[in-house]
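Topology and contacts: notes
Each chain is listed here by its residues.
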Amino acid sequence: MNDASPASAPQGRPALDVWCELQCPDCRTALDDVRALRARYGDRIDLRLRHFPLEKHKHAFAGAQAAEEAFEQGQGWPYVEAVLGRVEELDRKGEAFLVEVARELGLDAEEFDTALIDGRHILIVDADQAEGKAIGVTGTPTYVIDGERLDGGKSQDGLRERVEEIADRLLGS
């Protein structure tokens, strides 16, 4: 499950918050970096998806809720990667696409549909967005590690290297 609390990282384990939205082409481009960071650090860092749906993307808020449902069902990152990999389909199909991807991954698609209707994850998404605004997130993707905000929406050049540099320092590697 995705815990939105910054203080939730296990003792001694640095947290890397990835502020993202599932209808964002720049977040799709950043997927390779996120995959590489997950592969490099595994359990040594707490990689957390944080929601920052942008108003210009009309399905972003529903996408954030769907991602939370995927985390609840134990397939958060695979779901996020699957949706981000097909941003154009989300643009065209909207919420039906979010449920379709859940079905493709073997998740409980009916529960996804219900979650999007009953809004059970809205408070998590709203809290993430409010916190993002409070710390200066203005676009996606944005990374925050050890209190340092790195904006990937403007340029992702050198960003992964900077995250790795900070993570390695925190881990003493």
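1. Here we look at empty space enclosed by the protein
- Counted by the stated rule, this structure contains two cavities of 30 Å³ or more.
- Of the volumes computed, that of the largest cavity is approximately 70 Å³.
- Contributing to the lining of the largest cavity are V18, C20, C27, A30, L31, V34, L49, W77, V80, L84 and P141.
- Looking at the lining of the largest cavity, the elements that each hand over two or more residues are β1 (15–20), α1 (25–41) and α3 (76–84).
- Of the residues belonging to the lining of the largest cavity, the class tally is eleven nonpolar, no polar and no charged.
- Around the second largest cavity, the lining residues are C20, E21, L22, L49, H51, A60, G63, A64 and A67.

2. What about the pairing of strand β3 (residues 142–145)?
- Alternating positions in β3 separate into two faces, T142 and V144 on one and Y143 and I145 on the other, with burial throughout.
- As paired strands, β3 and strand β4 (residues 148–151) are joined by four bridges and run antiparallel to one another. In the strand pairing of β4, I145 is matched with E148.
- The antiparallel pairing of β3 with β4 creates a hairpin that spans two residues between the two strands, and D146 there sits at a positive phi of about 55 degrees.

3. Examining the pairing of strand β2 (residues 46–51)
- Of all six residues making up β2, six are buried, and the element is well covered by its neighbours.
- What you see with β2 is no split at all: D46, R48 and R50 on one side and L47, L49 and H51 on the other are buried throughout.
- As paired strands, β1 and β2 are joined by six bridges and run parallel to one another. Note on β2: the bridge partner recorded for L16 is L47.
- Each parallel crossover has a hand, and for β1 linked through α1 to β2 it is right-handed.

4. Some remarks on helix α2 (residues 60–72)
- The end-to-end C-alpha distance of α2 is 18 Å, a good match for the 18 Å that 13 residues give at a rise of 1.5 Å each.
- Counting buried residues along α2, eleven of its 13 residues qualify, which places the element largely inside the surrounding structure.
- What α2 keeps buried is the set A60, A62, G63, A64, Q65, A66, A67, E68, E69, A70 and F71.
- Following α2 by one or two positions, G74 adopts a phi angle in the positive range, close to 85 degrees.

5. Here's the deal with the side chain of D46
- Tracing the backbone through its elements, the reader meets D46 in strand β2.
- Of note is the side chain of D46, whose polar atom sits 3.3 Å from the side chain of R13.

6. Concerning the packing of aromatic side chains
- Counted by the stated rule, this structure contains two aromatic pairs.
- Pairing F71 with W77 gives two aromatic rings, centres 6.0 Å apart and planes at 85 degrees, and the pair type is edge-to-face.
- Ring centres of Y79 and F112 lie 5.1 Å apart, and the angle between their planes is 40 degrees; on these two criteria the pair is classed as tilted. In this pair, Y79 sits in helix α3 while F112 sits in helix α6 (residues 109–118), placing the two residues 33 residues apart along the sequence. Each member of the pair Y79 and F112 is classed as buried.

Cut-offs applied
Residues numbered from 1 in each chain as written. Predicted model: local features only at pLDDT ≥ 70, side-chain atom pairs only at ≥ 80, totals over all residues. Heavy atoms only, no water. 1 Å grid on protein atoms, 1.4 Å probe; cavity = no way out; pocket = protein on both sides within 12 Å on 5 of 7 lines; lining within 4 Å. Points joined across faces, edges and corners; volume = space filled by probe spheres on them. Helix = DSSP H or I, 4+ residues; strand = E, 2+ residues; numbered from the N terminus. Nonpolar A, V, L, I, M, F, W, Y, C, P; charged D, E, K, R; others polar. Buried < 20%, exposed > 50% of the residue type's maximum accessible area, 1.4 Å probe, protein only. Pairing = 2+ DSSP bridges. Right-handed = clockwise from strand over helix to strand, strands pointing away. Expected span 1.5 Å × (residues − 1). Polar contact = N/O pair within 3.5 Å; in protein donor to acceptor, adjacent residues only side chain to side chain. Phe/Tyr/Trp six-rings, centres within 6.5 Å; stacked < 30°, edge-to-face > 60°.

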